[in-house]
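Chain and residue survey
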Amino acid sequence: MNDTNALADRFEEVKATIPAHVKLIAVSKKRTVQEIQALYDLGHRRFGESYPQELRDKQPLLPADIEWHFIGNLQANKAKYVAPVADLVHTIDGIKILDELNKRAVAADRELGVLLQVHIAKEEAKHGLSPMELEELIHTWDPIRWPAITPRGLMGMATNTDDKELISAEFHGLKMLFRTICELPLPFKRSFTELSMGMSGDAQLAFAQGSTMVRIGTAIFGERQR
Ligand SMILES: *Cc1c(COP(=O)(O)O)cnc(C)c1O
């Protein structure tokens, strides 16, 4: 069986496990332009990248109607690579990156959706806002300061563990935060609809907790080589 058939089979298998209302982000970090094009040719349009320069380099070589998601840790000095091409940035963790993304999006005459990343895992190394920092950012959200930015929801990564109860509890916690925010009379209430949670290893647990966006790399493209 050739590579394209193998990709098509894995893609179909993954799609069959995803509830109809959940958006699939194919995580294409470290994949070649050819691999991404092959999935595009199978009809897929939503891709996720983790490294700013890699997104900048690959985007012009691929079809213009791809919806690009930026899912990696983002430093303010790399916002210039992401703001001109991304549709949704999943990893907002403070006002500094919002200031910089807004500035770059305004300069590029674009609007950028963002998700606020919440630290739900046990691992210290994972990024994101604490629930308290999230609450503060939500309440101080300033549409005049960030006119090019639309908050569209929350993102979280569960602990990398085999303990399904722990993963479910972390996703559940994120869902409850999301619900609480959705109840508030906020200026961006109507656009705040997405809950990005779940990857290849924990997607089913995320769906059970109400995920609306799942970020899957390995299960579609195979193990990452590099
Ligand atoms: C790499 C990555 C994924 C995809 O991981 P897989 O295990 O390959 O599905 C999802 N989310 C984030 C933030 C990632 O960095």
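Just so you know, these numbers come straight off a predicted model, no measurement behind them.

A look at unusual backbone geometry
Positive phi values are uncommon outside glycine, yet Lys 30 reaches one of about 70 degrees. Among the structural elements, Lys 30 can be located in the loop between strand E1 (23–27) and helix H2 (33–41). By relative accessible area, Lys 30 is classed as partly exposed at 31%.

A few points about the site of the ligand
For the ligand, the set of nearby residues contains 13 residues, the closest of which are Lys 29, Ser 200, Arg 215, Thr 218 and Arg 224. Here an oxygen atom of the ligand sits 2.4 Å away from a polar atom, N or O, in the side chain of Ser 200. Residue composition of the shell around the ligand, grouped by class: six nonpolar, four polar and three charged.

Some details on the pairing of strand E2 (residues 46–49)
Pairing of E1 with E2 involves two bridges; the strand directions are parallel. Directly across from Ala 26, in E2, lies its bridge partner Phe 47. Crossover E1 to E2 through H2 is right-handed. Pairing of E2 with strand E3 (residues 67–70), which is carried by four bridges, proceeds in the parallel orientation. Directly across from Glu 49, in E3, lies its bridge partner Phe 70. The β-α-β motif built from E2, the intervening helix H3 (residues 52–58) and the parallel element E3 has right-handed crossover chirality.

Notes on the pairing of E3
Where E3 meets strand E4 (residues 88–92), two bridges bridge the pair, whose relative direction is parallel. Opposite Phe 70, over in E4, you have Val 89 as the bridge partner.

What about helix H1 (residues 3–16)?
Taking 1.5 Å as the rise per residue, H1 with 14 residues should run 20 Å; its terminal C-alpha atoms sit 20 Å apart, in good agreement. Burial in H1 covers these residues: Ala 6, Leu 7, Ala 8, Phe 11 and Val 14. Of the surrounding elements, those touching the buried residues of H1 are E1, H2, strand E8 (213–216) and helix H9 (218–221).

So, how was this worked out
- Residues numbered from 1 in each chain as written.
- Predicted model: local features only at pLDDT ≥ 70, side-chain atom pairs only at ≥ 80, totals over all residues.
- Heavy atoms only, no water.
- Helix = DSSP H or I, 4+ residues; strand = E, 2+ residues; numbered from the N terminus.
- Buried < 20%, exposed > 50% of the residue type's maximum accessible area, 1.4 Å probe, protein only.
- Near = heavy atom within 4 Å.
- Polar contact = N/O pair within 3.5 Å; in protein donor to acceptor, adjacent residues only side chain to side chain.
- Nonpolar A, V, L, I, M, F, W, Y, C, P; charged D, E, K, R; others polar.
- Pairing = 2+ DSSP bridges.
- Right-handed = clockwise from strand over helix to strand, strands pointing away.
- Expected span 1.5 Å × (residues − 1).
- Contact = heavy atoms within 4.5 Å.

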